[in-house]
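Each chain is listed here by its residues.
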Amino acid sequence: MIACPPRFKFPWMLLGTLILPWVIEGLLGRGWVRILDFALLSVLLAIGLNIVVGYAGLLDLGFIAFFGVGAYAYALLASPQFGVHWPLWAILPTGILVAASFGVALGWPTLGLRGDYLAIVTMGFGEIIRVFLNNLTAPINITNGPQGITMIDALHLGTWSFARPHRLWGIPLPALVGTYYLFLLFVLLALFLSRRLEYSRIGRAWMAIREDEIAAASMGLDTRRLKLLAYALGAAFGGVSGGLFAGFQGFVSPESFTLQESVMILCMVVLGGMGNLRGVVAGALLLAFLPEVLRPLGGWQQHWFHRVLIDPSTLRLLLFGVTLVVLMRWRPEGLLPSRARAREWHTS
Amino acid sequence: MNLLEAKGISKCFGGVQALHNVSLTVEPASIVGLIGPNGAGKTTFFNVLTGVYRPDEGTLTFAGQPLPAGQPHRIARAGLVRTFQNIRVFPQMSALENVMVGFHGRTRCGLLGAWLNSSAVRREEREIREGAQELLKWVGLQEMAQRVAGTLSYGAQRRLEIARALATGPRLLALDEPVAGMNGTERGHMAELILRIRAAGIALLVIEHDVRWIAQLCERITVLNYGQGLAEGTPAEIQANPQVIEAYLGHPSHG
Amino acid sequence: MVTFLQQVLNGLTLGCIYALVALGYTLVYGILELINFAHGDLVMIGALVSLSLVRALQDWGAPLPVALAGGLVGAMGVCVLVGVALERLAYRPLRHAPKLAPLITAIGMSMVLEQGSALIWGRGYRSFPDLGLTHSLTLGGVVISPLQGVIVLGSLSLLGGLLWLIQRSALGRAMRATAQNPVAAQLLGVDTERVITLAFVIGAALAAIAGLMVGAYYQVAHYTMGFMLGLKAFTAAVLGGIGNLSGAVLGGILLGLLEALGAGYLGDWTGNLFGSNYKDVFSFATLILVLLFHPSGLLGRHAPEKV
């Protein structure tokens, strides 16, 4: 029953997100602002995956690979590894292009096939990328193997570095808060682009493909092209997020791009509600903070049982798995579903 | 010149000959019936025609051009559009959105257009919406525009499918059993709709079981039996053809 | 020539294990059209359970054959229980849900099984007890370990028996009927739910056997070992034609050979630039190529989607 996009309560939400890092720093400390920054990158990733899974209905289990491609693109173009130091405005578009081409290259062979093949091929692809990242050290050392790439240039625009504190009109701006605003800008842009698409001719076509691919093709929709577009766009968002991640963290290694991470992003999208941006953002934030919430568990166990019975990171992954299963069983539309998607899950 | 010309179409599924050397022609703005007993290969023929399956042998020519075999979207854009026997509307989209999807091939707005939402794109979107509303009205569903397609009645879903197909701007509309499971009144309405579509200059190819119903509508009928063309002619000729009577009318027909 | 034969033997060993696992994928897919992502994890559970049991029995003083038999039976029991629980809890409630739902559940269950195993067995590598089957045989330069012999002969006879069972028995007929048309099979009196459970039971039991073999062959087990193994076995099933039982066996053995020979020779050809560290890429490249050029696989028949 979508006629036109529902209106955002724009000014209030924007104001809230603008003062959020200050509030968090005041209440919880600077460490949590860093976590918040990483959470925004997760949100960006989830928005990208939502295009693929939520809009076009294609299950991608190797999405983290695009994040990895973007991260390595940044790392190689702005570190001593090759001695090149490109500026951010040149790296990000390159990363987008590379990630999107990977998306197309991966999607292309599987598009004519059933969706479940796509799932397993993407899953394999995610692992293969990791094999390459781990091994592309000969004949030329490209990725530096399992050690990864270090001393990556910090995020900066011209002379403005996001790794350093600044002073704006006399107000001190901590580096992490500055980074927060940069990431927020990207998230807002991604939300805007995603939303415009959702309510366009293309979004409508994706929805039709999701509901009945044969009927969609019979109405003149080039389903292969549309699915590839979803793939490429999702990958591009993943690539941007990866680039920002590399610049923010300062080093990358293959271990950041495992299947578990792919499942986590999928979990973010499913938890909030596939196809619904508000839900996806909420799901991503919730799960990005989960490890921090679980972290004290280790200490408590140590205190009460004198040893750690359940490792918090195992528990976190276990929870992801349980979440996916429980949601699919009882609330497949997620916590904050789009109306159309809720109908879909409950009538079929 | 014929609008559609199918010559010597054959299709095999794992050793089962579903279609053998089937030929059929449709003239512009005419109504052709395709009849035959259950399992005669009518729907398979439709699937070959609209690119869901690729024919093993035979040629398909549409408006003087060869049809791109096995590519449903290109066939639809060439002007040959179908409905499905087991209704395939997009069940969770509104009726209006269903019809708007039909306009996809006739509209241009791409990625940049969607992002910039320029005045041209907004105009296009408005035109699609108005066009879709117009078509819904035309098939008698104007009240249902905002209803979720899957919740519409059976007959309404059939008409919605036709509206969606018309939105693509077809020159030939292929209907797969448009009145299956309908009562007499509804059949009358559907016949009236089909005649109106023809009056708009669109040819129709209609699969139907009920020979009496189809005979009153169409100019020519092709009969399939066991995957082969059994007879072709005017309704009167077909109804008098002893082979057809034996193969098809001999069985208790319904309706 | 000797190297070649040696690689063939190694590939055959690996291939037999893949075939056992691939059969589980294909059985379930043939009936439910569902990729059971958690199937590879059943192999992992089989390996870890048998590892623990064999070790415990040996510590207890049991002779090797008894310890092995105990480990095998225990692993099969646990895997069958987990497999059936998986079907009941995760897949059965979603039988009529949109296609995406069981896939997401499957990946979730895979996660649960892996992390659950990490809780029980820890996150480190566990070494498999020494089975003492080290007195290798040399045949014309080719070294054959007794373990390889046991794996190849054992799995081939197992696979042969199973194929025969499914071709000939009433049970097998019911399974094939359900795979072809579940509704019609049900109308004709086949208890399809029982057939589905049975597919999971057989698949899980084979996974347990494969787990013991893999563990004994590589002498380690780890809570994530099921993932790559599962991916490869799935590739084998697709290569042979998914849903086709003999296809799964053929695909498994072919893939094992391909991997062993590929890893062995590609390293030589490229001066060790692309050696066995890329062997996981082979199976994946195979999967892509098969999907691109012959998606129905070697023995599969192409089933057109119903319109």
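Residues numbered from 1 in each chain as written. Chains lettered and ligands numbered in written order. Predicted model: local features only at pLDDT ≥ 70, side-chain atom pairs only at ≥ 80, totals over all residues. Heavy atoms only, no water.

*Asks:* I'd like a description of the overall build of chain B, backed by residues and values.
*Replies:* A tally of regular secondary structure across chain B gives ten helices and ten strands. Against the 2.2 N^0.38 benchmark of 18 Å for 255 residues, chain B shows a C-alpha radius of gyration of 19 Å, consistent with a compact globule. On the principal axes, the C-alpha backbone points of chain B span a range of 65 × 40 × 35 Å. A sequence separation of at least 24 residues applies to 67% of the contacts in chain B between residues at least 6 apart. Counting every atom, chain B has about 10,800 Å² of accessible surface; 50% of that belongs to carbon and sulfur. Counting 25 positive and 22 negative side-chain charges, chain B places the averaged centre of each group 6 Å from the other. (Helix = DSSP H or I, 4+ residues; strand = E, 2+ residues; numbered from the N terminus. Rg over C-alpha atoms; globule rule 2.2 N^0.38 Å. Contact = heavy atoms within 4.5 Å. Areas by Shrake-Rupley, 256 points an atom, 1.4 Å probe, with all protein chains shown as cover. Lys, Arg positive; Asp, Glu negative; His and termini not counted. Charge placed at Lys NZ, Arg CZ, Asp CG, Glu CD.)

*Asks:* Account for the domain arrangement of chain B, with residues named and values stated.
*Replies:* The extent of an interface is frequently quoted as the accessible surface area lost upon association of the parts. Residues and elements named next belong to chain B. One can read the domain layout of chain B as domain 1 (4-79 + 170-249) and domain 2 (92-154). The gap between the C-alpha centroids of domain 1 and domain 2 is 28 Å. Each partner contributes to the interface: domain 1 provides seven residues, whereas domain 2 provides five residues. Each partner contributes to the roughly 510 Å² buried at the junction of domain 1 and domain 2, and carbon and sulfur atoms together form 61% of this total. The three residues of domain 1 that bury the most area against domain 2 are Arg 77, Leu 193 and Arg 196, which together make up 65% of that side's buried surface. Joining domain 1 to domain 2, the criterion identifies zero salt bridges. Where domain 1 meets domain 2, there are two residue pairs in polar contact (both at pLDDT 80 or more). When residues in the side of domain 1 that touches domain 2 are grouped by element, the largest group, three residues, is from helix H7 (residues 184-199). (Domains from an automatic or database assignment. Buried area = accessible area lost by both parts, 1.4 Å probe. Salt bridge = Lys/Arg side-chain N within 4 Å of Asp/Glu carboxyl O. Polar contact = N/O pair within 3.5 Å; in protein donor to acceptor, adjacent residues only side chain to side chain.)

*Asks:* Quick rundown of the nonpolar core? Include the residues and the values.
*Replies:* Across soluble globular proteins, you tend to see nonpolar side chains buried next to one another. In this structure, Trp 206 and Leu 244 of chain A are the most contacted members of the largest nonpolar core, which totals 274 residues. Of the domains in this structure, domain 1 (4-79 + 170-249) and domain 2 (92-154) of chain B are the two that each give at least three residues to this core. Here Leu 244 of chain A is in contact with Leu 41, Leu 44, Leu 92, Leu 155, Leu 182, Phe 183 and Phe 186 of chain A, once residues within four sequence places are set aside. (Core = buried A, V, L, I, M, F, W, Y, C linked by side-chain atoms within 4.5 Å. Buried < 20%, exposed > 50% of the residue type's maximum accessible area, 1.4 Å probe, protein only.)

*Asks:* Help me get a handle on the sheet that holds strand S6 (residues 80-82) of chain B, residues and values and all.
*Replies:* All names here are of chain B. One open sheet accounts for six strands, arranged S6-S7-S8-S3-S9-S10; its pairing is mixed. Looking at the sheet topology across the chains shown, the edges are occupied by S6 and strand S10 (228-233). In this sheet, adjacent strand axes meet at a mean angle of 20 degrees when their direction is disregarded. Note that strand S3 (residues 31-35) and strand S8 (residues 203-207) share four bridges and pair parallel. The partner of Ile 31 across the bridge, within S8, is Leu 204. Its contacts with the sheet put helix H6 (residues 154-167) on S6 and strand S7 (172-176), and the angle it makes with S7 is roughly 155 degrees. (Pairing = 2+ DSSP bridges. Axes fitted to C-alpha atoms, helices over the stretch in contact; angles between N-to-C directions.)

*Asks:* Lay out the interface of chain C and chain A with the relevant residues and their values.
*Replies:* Contacts between chain C and chain A engage 45 residues on the former and 49 residues on the latter. Between chain C and chain A, the buried area comes to about 4,300 Å², and carbon and sulfur atoms account for 80% of it. Counting the contacts that link chain C with chain A gives one salt bridge. Salt-bridge contacts for Asp 311 of chain A lead to Arg 123 of chain C; the nearest nitrogen and oxygen are separated by 3.8 Å. Our count for the chain C to chain A interface comes out at one residue pair in polar contact (both at pLDDT 80 or more). Considering every element that reaches the side of chain C that touches chain A, the biggest residue donor is helix H4 (residues 100-121) of chain C, with 15 residues. The residue makeup of the side of chain C that touches chain A, split by class, is 33 nonpolar, six polar and six charged. (Nonpolar A, V, L, I, M, F, W, Y, C, P; charged D, E, K, R; others polar.)

*Asks:* Lay out the pattern of salt bridges with the relevant residues and their values.
*Replies:* Under the definition given, this model contains 22 salt bridges over all chains. Measuring nitrogen to oxygen at the nearest pair gives 3.8 Å for the salt bridge that ties Lys 11 of chain B to Asp 56 of chain B. Linking Lys 11 of chain B in strand S1 (residues 4-13) with Asp 56 of chain B in the loop between helix H1 (42-49) and strand S4 (57-62), this pair joins segments that are 45 residues apart in sequence. In this structure, the salt-bridge partner of Arg 95 of chain C is Glu 87 of chain C, at a minimum N-O distance of 2.4 Å. Judged by its relative accessible area of 24%, Arg 95 of chain C falls in the partly exposed class. Where salt bridges share partners, they join Glu 87, Arg 88, Arg 92, Arg 95 and Glu 193 of chain C into one cluster.

*Asks:* With reference to specific residues and values, describe helix H8 (residues 192-218) of chain C.
*Replies:* Residue and element names in this part refer to chain C. Relative to the 39 Å expected for 27 residues at 1.5 Å per residue, H8 spans 38 Å between its end C-alpha atoms, a close match to the ideal helical length. Most of H8 sits out of view: 21 of its 27 residues are buried. Taken from the residues just after H8, Gln 219 is the one with a positive phi, measuring 65 degrees. (Expected span 1.5 Å × (residues − 1).)

*Asks:* Give a detailed account of the environment of His 39 of chain C, specifying residues and quantitative values.
*Replies:* Residue and element names in this part refer to chain C. Mapped onto the elements of the fold, His 39 is located in helix H2 (residues 39-59). With relative accessibility at 3%, the residue His 39 sits in the buried group. Each C-alpha atom of the pair His 39 and Leu 231 lies 9.6 Å from the other, and the pair is 192 residues apart in sequence. When residues no more than four places from it in sequence are discounted, the contact partners of His 39 are Val 21, Gly 24, Tyr 25, Gly 203, Ala 204 and Ala 207. Within the local environment of His 39, its side chain forms a polar contact with the backbone oxygen of Val 21, the two atoms lying 3.2 Å apart.

*Asks:* Mind laying out the UniProt feature "transmembrane region" (unreviewed entry) in chain A, listing which residues take part and the relevant values?
*Replies:* Residue and element names in this part refer to chain A. As recorded in UniProt, the sites labelled "transmembrane region" (unreviewed entry) are residues 12-28, 35-55, 61-79, 86-108, 171-194, 228-251 and 263-287. The straight-line gap between the two end C-alpha atoms of residues 35-55 is 28 Å; of that span, 100% is helix and 0% is strand. In this annotation, residues 171-194 is assigned 83% helix and 12% strand; the end-to-end C-alpha distance for the span is 34 Å. (UniProt positions renumbered as here; feature names shortened; annotations may be inferred.)

*Asks:* Just give me the short version of the environment of Ile 24 of chain A, but keep the residues and values in it.
*Replies:* Residues and elements named next belong to chain A. On the secondary structure map, Ile 24 appears in helix H1 (residues 10-28). For the pair Ile 24 and His 85, spaced 61 residues apart in sequence, the C-alpha to C-alpha distance is 33 Å. Setting aside its immediate chain neighbours within four residues, Ile 24 contacts Gly 29, Trp 32, Val 33 and Leu 36.

*Asks:* Describe in detail the packing of aromatic side chains, supporting the description with residues and values.
*Replies:* When we look at a pair of aromatic rings, we describe it by the centre distance and by the angle of the planes. Per the counting criterion, the structure on display carries 20 aromatic pairs over all chains. Considering the side-chain rings of Phe 66 of chain A and Phe 125 of chain A, the 5.8 Å spacing of their centres and the 40 degrees angle between planes classify their relative orientation as tilted. A residue pair is termed long-range when its members are at least 10 positions apart, and Phe 66 of chain A in helix H3 (residues 64-77) and Phe 125 of chain A in helix H5 (residues 115-135) qualify at 59 residues. By the burial criterion, Phe 66 of chain A is buried, and Phe 125 of chain A matches it. Ring plane angle 75 degrees and centroid distance 5.0 Å describe the contact between Phe 13 of chain B and Tyr 53 of chain B, whose orientation is recorded as edge-to-face. Of this pair, Phe 13 of chain B sits in strand S1 while Tyr 53 of chain B sits in the loop between H1 and S4, and the two are 40 residues apart along the sequence. Given a relative accessible area of 25%, Phe 13 of chain B falls into the partly exposed group. Overall, Tyr 53 of chain B belongs to the buried group, its relative accessible area being 12%. What links up through ring pairs into an aromatic cluster is the set Phe 38, Phe 67, Tyr 72, Phe 183, Phe 245, Phe 248 and Phe 257 of chain A. (Phe/Tyr/Trp six-rings, centres within 6.5 Å; stacked < 30°, edge-to-face > 60°.)

*Asks:* With reference to specific residues and values, describe a nonpolar patch on the surface.
*Replies:* Residue and element names in this part refer to chain A. Together, Leu 18, Ile 19, Trp 22, Val 23, Leu 27, Leu 28 and Ile 171 make up a nonpolar patch on the protein surface, roughly 650 Å² of accessible area in all. Counting residues per element, the nonpolar patch draws most heavily on H1, which supplies six residues. Along the polypeptide, Leu 18 turns up in helix H1. (Patch = residues over 30% accessible without salt bridge, like charges linked within 9 Å, V, L, I, M, F, W, Y side chains within 5 Å.)

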